[in-house]
Amino acid sequence: MIRDPAVFEQLIDSVRRFVQTDLVPLEARVAEEDRVPPDIVQQMRDLGLFGISIPEEYGGLGLTMEEEVYVAFELGGTSPAFRSVFGTNVGIGSQGLLMDGTPEQKARYLPKLASGEIISSFALTEPEAGSDAGSLRTSARREGDSYVLNGTKRFITNAPSAGLFTVYARTDANTADGSGVSAFLVEANTPGLSVGKPEKKMGQQGSHVSDVIFDDCRVPADALLGGEEGQGFKTAMKVLDRGRLHMAALSVGVSQRLLDMMVSYSTERRQFKKAIAEFQLIQAMLADSHTETYASRCMVLDAARRRDSGQNPVRDIAAAKYFATEAVGRIADRAVQVFGGAGYISDYGVERLYRDVRIFRIYEGTSQIQQLVIAKELLRAAAR
Ligand code: COS
């Protein structure tokens, strides 16, 4: 749902201008230095990007899901590492709080997340619990008015810069599945919490991922998200549903950019006395890339509109994430092919995007997990 088309158009224009004028020219430098410059982060704050999904009452822009996916289409026009700076505040780092937090918890943290004063991270994955998130082992033991957390979280996006973590931990030691998991809001400066050194990654340099270690980390009882034990796994699943749709939208944006790059390069590059775009085998790659981008966009918009109408189309969000992230992988591969040797060297940025998008098929649920979710929903509906 687009609430006010004129106002929304202005927002899209300013995001597009920021992406094209400020971010694209910086891509190579950010990748080289593995760091987004602080003045760019400040511009992201000024544009309200940290708070696009946070309601206006907490200082955010309160975008609808449809509005948010249009913004993500634009953000896909540049290196995903830029989006990652505020991506956790928009998605997995804020939505649990928004969906299931108490009024006090929301009032305490959401304004700071919306403004970008603090960065939030989502701490679910562990060394032994990735796709099987419900089997996580980090424990939260109740002791009087506090909980004591112990365990290690792995591959936590934005952990090195985070001020707040939503930590998923087992409060019921007698369970081994999601039913005994609770979520906690843990501030980064809490004694007993430490952040590991950033991992060396395949792509998205400038965005940082590391371990978060809890060693007798004591938090007050009111850090329990929503004030109720045993709800954490469901919170995580709801947060991921939403996050997956955003990720699918981002994939659409990157797909469109790669397609634009292919069209432009193939009309300039000449071989056999012709622009290579005149060859039908090149045209087939352009056509397939457009078709997949268009299909991804339609799926994302349909799921977003249905969410705005009050549904939670779990099956079709998973389908959109599955299709759009796999598609962008194929499109990035074709882009390298169309660019040929120039696609393999770093000057054109194609090989960088090829590496950057590889994680889309893995984080916020692998393609295989999306397949399981789709099938589970189909079979569940059939059994009803
Ligand atoms: N929304 C709300 N509740 C949900 C839900 C959703 N989308 N999906 C599951 N639940 C609930 C179920 O209804 C069930 O509740 P009840 O016990 O009250 O019936 C509970 O959660 C357990 O559900 P289920 O049995 O389906 O859980 P599984 O352990 O089989 O896990 C998958 C399901 C595999 C889908 C889940 O573990 C998953 O998404 N894994 C991937 C994790 C991931 O994306 N990691 C990325 C890390 S973040 S970058």
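Residues numbered from 1 in each chain as written. Predicted model: local features only at pLDDT ≥ 70, side-chain atom pairs only at ≥ 80, totals over all residues. Heavy atoms only, no water.

Asker: Break down the overall build of the protein chain for me, with residues and values.
Answerer: When you go through the protein chain residue by residue, the secondary structure sums to 13 helices and 9 strands. Computed over C-alpha atoms, the radius of gyration of the protein chain comes to 21 Å, within 12% of the 21 Å expected from 2.2 N^0.38 for 384 residues, which places it in the range of a compact globule. In terms of overall dimensions, the protein chain has a C-alpha envelope of 80 × 55 × 45 Å along the principal axes. Expressed as a percentage of the 384 residues in the protein chain, the buried residues total 53%. Once local pairs closer than 6 in sequence are excluded, the contacts in the protein chain between residues at least 24 apart make up 74%. For the protein chain, the accessible surface area stands at approximately 17100 Å², while carbon and sulfur atoms represent 52% of it. If you average the places of the 44 positive and of the 50 negative side-chain charges in the protein chain, the two averages end up 4 Å apart. (Helix = DSSP H or I, 4+ residues; strand = E, 2+ residues; numbered from the N terminus. Rg over C-alpha atoms; globule rule 2.2 N^0.38 Å. Buried < 20%, exposed > 50% of the residue type's maximum accessible area, 1.4 Å probe, protein only. Contact = heavy atoms within 4.5 Å. Areas by Shrake-Rupley, 256 points an atom, 1.4 Å probe, with all protein chains shown as cover. Lys, Arg positive; Asp, Glu negative; His and termini not counted. Charge placed at Lys NZ, Arg CZ, Asp CG, Glu CD.)

Asker: I'd like a description of the side chain of Thr175, backed by residues and values.
Answerer: Mapped onto the elements of the fold, Thr175 is located in the loop between β4 (164-170) and β5 (181-187). Reaching out from Thr175, the side chain makes a polar contact with the backbone oxygen of Asp172 at a distance of 2.7 Å. In this view, Thr175 contacts Arg170 and Gly180; residues no more than four positions away in its chain are not counted. (Polar contact = N/O pair within 3.5 Å; in protein donor to acceptor, adjacent residues only side chain to side chain.)

Asker: Hey, could you go over the domain arrangement of the protein chain for me, with residue numbers and the actual values?
Answerer: Taken domain by domain, the protein chain holds domain 1 (5-115), domain 2 (120-230) and domain 3 (234-383). Across the contact, 26 residues belong to domain 1 and 27 residues belong to domain 3. Buried surface at the junction of domain 1 and domain 3, both sides included, amounts to about 2400 Å², of which 64% is carbon and sulfur. Counting across the interface, domain 1 meets domain 3 through 5 salt bridges. Along the contact surface separating domain 1 from domain 3 lie 12 residue pairs in polar contact (both at pLDDT 80 or more). Within the residue set of the side of domain 1 that touches domain 3, elements represented by two or more residues are α2 (27-33), α4 (65-75), α5 (80-90) and α6 (95-100). Looking at which element gives the most residues to the side of domain 1 that touches domain 3, the answer is α4, with 8 residues. (Domains from an automatic or database assignment. Buried area = accessible area lost by both parts, 1.4 Å probe. Salt bridge = Lys/Arg side-chain N within 4 Å of Asp/Glu carboxyl O.)

Asker: Account for the site of the ligand, with residues named and values stated.
Answerer: Near the ligand there are 17 residues, and of these Ser131, Lys234, Asp241, Arg244 and Lys376 occur at the shortest range. A distance of 3.0 Å separates an oxygen atom of the ligand from a polar backbone atom of Gly365. Between Lys376 and the ligand, the recorded distance is 2.7 Å, taken from a side-chain N or O atom to an oxygen atom. When the free accessible area of the ligand is taken as 1000 Å², the share hidden by the protein chains comes to 64%. Taken together, the elements giving at least two residues each to the shell around the ligand come down to α8 (232-268) and α13 (367-383). By residue number, the principal contributor to the shell around the ligand is α8, which donates 7 residues. (Near = heavy atom within 4 Å.)

Asker: Lay out α13 with the relevant residues and their values.
Answerer: The end-to-end C-alpha separation of α13 is 24 Å, in line with the 24 Å expected for 17 residues at 1.5 Å each. Buried residues of α13: Ser367, Ile369, Gln370, Val373 and Ile374, and no others. Along α13, the residues classed as buried sweep out an arc of 165° about the axis, all on the same side. Facing away from the buried side of α13, by more than 90 degrees, are the exposed residues Gln368, Leu372, Lys376, Leu379, Ala382 and Ala383. (Expected span 1.5 Å × (residues − 1). Arc of directions from axis to C-beta.)

Asker: Please provide a residue-by-residue account of the pairing of β4, values included.
Answerer: Along any regular strand the residues' side chains alternate between the sheet's two faces. Across the 7 residues of β4, 7 count as buried, placing the element largely inside the fold. Side chains of β4 alternate between two faces, with Leu164, Thr166, Tyr168 and Arg170 and Phe165, Val167 and Ala169 buried alike. Sheet analysis places strand β1 (residues 120-123) next to β4, joined by 4 bridges and oriented parallel. Across the sheet, Ala123 pairs through a bridge with Val167, a residue of β4. (Pairing = 2+ DSSP bridges.)

Asker: Quick rundown of the side chain of Asp211? Include the residues and the values.
Answerer: Checked against the element boundaries, Asp211 lands in strand β7 (residues 209-220). A polar contact of 2.9 Å, which involves the side chain of Asp211, links it to the side chain of Arg154. In this view, Asp211 contacts Thr152, Lys153, Arg154, Phe155, Ser194, Val195, Gly196 and Glu199; residues no more than four positions away in its chain are not counted.

Asker: Break down helix α3 (residues 38-47) for me, citing the residues and quoting the values.
Answerer: Every buried residue belonging to α3 is among Ile40, Val41 and Met44, and all of these are buried. The arc enclosing the buried residues of α3, seen along the axis, measures out at 105°, which places them on a common side. Among the exposed residues of α3, those pointing more than 90 degrees away from its buried face are Pro38 and Asp46. Along its buried surface, α3 packs onto α1 (5-23) and α5. The positive-phi residue at the C-terminal boundary of α3 is Gly48, with phi of around 85°.

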